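Spelled out from the first residue to the last, the chains are:
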Amino acid sequence: KMSLDEIISPSSEIVSFRNRFVTENDFTFEKWMKSLDGDLDVMIKAAEGEMIISAKDVPIFYYFKTPELSAFKMFFWMKSILRYRIYSGENFRPELIPNELLALGKRINEKFTSVERTELWSEDTIHASLRQIEFYYECGFLSSPSQGQNLCDEMLHVISEIRECAAAGHFREGKKGFHLFKNDILIADNTFLFKLFDKYAVFINHNTLNVLSTTQESFCVQTENYLRNLLNKATKISGTGEKERLKFFNRIEEKIKSLKKRIT
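This one's a predicted model, so the numbers in the text were calculated from it and none came from an experiment.

A. Broad picture of helix α5 (residues 127–138). Spanning 12 residues, α5 covers 16 Å between terminal C-alpha atoms, matching the ideal 16 Å at 1.5 Å per step. Among all positions in α5, only Ser129, Leu130, Gln132, Ile133, Glu134 and Tyr136 are buried. Looking at the buried residues of α5, the elements they touch are α3 (67–81), α6 (145–168) and α8 (242–262). Gly140 sits one or two residues past α5 and shows a positive phi near 75°.

B. Just α6, in detail. Taking 1.5 Å as the rise per residue, α6 with 24 residues should run 34 Å; its terminal C-alpha atoms sit 35 Å apart, in good agreement. Positioned one or two residues after α6, Gly169 has a phi angle of 85°, which is positive.

C. Spotlight on the layout of surface pockets. Of the volumes computed, that of the largest pocket is approximately 590 Å³. Among the secondary structure elements, those contributing two or more residues to the lining of the largest pocket are α2 (29–45), β2 (50–54), α3, α5 and β6 (199–206). The greatest single-element share of the lining of the largest pocket, amounting to 5 residues, is contributed by α2. By residue class, the composition of the lining of the largest pocket is 21 nonpolar, 7 polar and 6 charged.

Calculation notes
Residues numbered from 1 in each chain as written. Predicted model: local features only at pLDDT ≥ 70, side-chain atom pairs only at ≥ 80, totals over all residues. Heavy atoms only, no water. Helix = DSSP H or I, 4+ residues; strand = E, 2+ residues; numbered from the N terminus. Expected span 1.5 Å × (residues − 1). Buried < 20%, exposed > 50% of the residue type's maximum accessible area, 1.4 Å probe, protein only. Contact = heavy atoms within 4.5 Å. 1 Å grid on protein atoms, 1.4 Å probe; cavity = no way out; pocket = protein on both sides within 12 Å on 5 of 7 lines; lining within 4 Å. Points joined across faces, edges and corners; volume = space filled by probe spheres on them. Nonpolar A, V, L, I, M, F, W, Y, C, P; charged D, E, K, R; others polar.

Given below as structure tokens:
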């Protein structure tokens, strides 16, 4: 699956990507989830690997820990983004999501917390998910206001756990290092860089769920340089930097609580 361009001129301006385009009938949402599961297996086996995430949105892996929020995100993606016909006339109900998908999501979350990584967030990182909950509430796609409030509570739970792990500098499961940075510069996209010695892989989200991936060295090196430049301008709020960490997470939690108050 390597292009001739990549083999002949790896330093050219032409970059070859593998595109995973999620559809209802071909590369389905379930297959997409299984591909995430497989990618994490590779990263776990590469114990010396380094992962850097530039998070325009909260990395989706976090949402799979709590059952109703996990179901909501999956329903939102399949109904509003992928436009699955089976959900076209449905309002959100957790039982609409197959148990197999929820179990797969939980397994993905557990694997994600076993990979050492560096994450770069801004205070806007939470906005997309909050807007999704508010949009569904305003459009009447939730069964009741209390359902929207419950989703906000689960968001608070997710953020609280991330706050605790940032304070400890690692995740509870396996105590893998967790390095969180706060960036006041706008983060333009969701980019994942994985590096193992001199080998690279870059994953870039586009159109919400679809993923462009490449191992072309020149592009990966440029991406690494860009991410490290952002990290150099950012403030580390894991392990140390208690004051900045408290301010950062307090502001994020206030945004969630503010939305919960608006859902009445």
